[in-house]
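Geometric and topological summary
Residue strings, one per chain:
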Amino acid sequence: MTEEEKALAGKIFNPCHSEFAAIKAMAHKLCTDYNLSYETETQKREQILEQLLGSKGSNVFFQGPIFFNHGNHTFIGDGFFGNYNICIQDDAKVTIGRHVMFGPNCTLATPYHPLIADERRYRINDSGELYGPCMASPIVIGDDVWLAANVTVCGGVTIGCGSVIGAGSVVTRDIPENVIAAGVPCRVLRKITPEDSIRLKPWLFNDNSVDVQGDNTL
C-alpha cells in the first residue's frame, strides 16, 4: 500500500514520505493561490477549488483564508458556505453534505498520533527517511448542518443532517440528526422543533422573508 492508501484505510502512515509530501505540497500551493485571490475573482477561485478538492457541487463558496492538508480527500455537496479561516486536515476522507454552513475558524481534523510519548517521536526508518507515525479517521458532515464559529470536529465523527453545533464546541463523538449540540466536549442539548422557526418571530422581518414562490434554494 502507498502511504496515502494507508491513511485512507485507517492504518499507520508516514506523513513525511516523499510521495505523500508531494500531494500535500500541491494542496498547500493551491490553498495559497486561493488565499491570495480576491473575493471578486470568482472564476479563478472556482478553478482552484476544482483542482484542489476531491469533488464539489455547485455554489460552493469559501470566504478564505483556507487550509487543506490534501484537498483531494475532501468531497463537498451543493450550496456550501465557509466563512473566514477554514482548516480541513483531510488525511482521511472528509465528506460534507449539501447546504452546509461553517462559521469562522472551523477545523475538521482527521489525523491523530500515538498517546505514548516515545511512539510519536520522529525517527529515521529503515529506508533512511524521516518517519513520524500518524493515523487518521474519516469525518462525515450531513446535509443542512451549521457549524457555528470556532468549532473543531475530530476524526471519526459523523454529524447528522440538520443539526447545529454551537460556537466553540469540540466534537469528539457522533451527533444525531436535527439537534442543537454544544460544549467541550460537545453534547446534545435538545432537538430542533417547529417552535424554533423564525416564522414565529415576525418582528425579525422587514423586506426579507424565508417564504418565496416555489423552492428557490440553491
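Residues numbered from 1 in each chain as written. Predicted model: local features only at pLDDT ≥ 70, side-chain atom pairs only at ≥ 80, totals over all residues. Heavy atoms only, no water.

**A closer look at the state of the cysteines**
Disulfides are covalent bonds that link the sulfur atoms of two cysteine residues. Evaluation of the coordinates by the stated rule reveals zero disulfides. Here C106 stays free of any disulfide, with the sulfur of C87 as its closest cysteine sulfur at 11 Å. In this structure C161 is not part of a disulfide, and its nearest cysteine sulfur, from C186, lies 16 Å away. Since its relative accessible area comes to 29%, C161 is described here as partly exposed. (Disulfide = S-S within 2.5 Å. Buried < 20%, exposed > 50% of the residue type's maximum accessible area, 1.4 Å probe, protein only.)

**What about the sheet that holds strand β1 (residues 55-56)?**
Strands sit in the order β1-β4-β7-β14-β17 across an open sheet of five strands; the sheet is parallel. The sheet is open, and its two borders are formed by β1 and β17 (158-159), each paired with just one other strand. Relative to strand β4 (residues 74-76), β1 runs parallel, the two sharing two bridges. The residue bridging K56 from the neighbouring strand is I76, located in β4. (Pairing = 2+ DSSP bridges. Helix = DSSP H or I, 4+ residues; strand = E, 2+ residues; numbered from the N terminus.)

**Comments concerning the sheet that holds strand β8 (residues 101-102)**
Picture the strands of a sheet paired through backbone hydrogen bonds; they go either parallel or antiparallel. If you walk across this open sheet you meet the seven strands as β2-β5-β8-β15-β18-β20-β21, and the pairing is mixed. The open sheet is flanked by β2 (61-62) and β21 (187-191), the only strands paired with a single partner.

**Overview of the packing of aromatic side chains**
Enumeration over the complete set of coordinates arrives at five aromatic pairs. Aromatic pair F62 and F68: ring centres 5.8 Å apart, planes at 80°, arrangement edge-to-face. On the accessibility criterion, F62 (0% relative accessible area) is buried. Residue F68 is classed as buried on the basis of its relative accessible area, which comes to 0%. With a centroid separation of 5.0 Å and an interplanar angle of 80°, the aromatic rings of F80 and F102 are classed as edge-to-face. Of the two residues, F80 is situated in the loop between β4 and β5 (81-82) and F102 in strand β8; the sequence distance between them amounts to 22 residues. Per residue, the accessibility class of F80 equals that of F102, and both read buried. In this structure an aromatic cluster arises from ring pairing among F62, F68, F80 and F102. The residue whose ring lies beneath K93 is F75, and the NZ or CZ to ring-centre distance is 5.1 Å. (Phe/Tyr/Trp six-rings, centres within 6.5 Å; stacked < 30°, edge-to-face > 60°. Lys NZ or Arg CZ within 6 Å of the ring centre and 35° of its normal.)

These results come straight from atomic positions and should not be treated as a statement about function.
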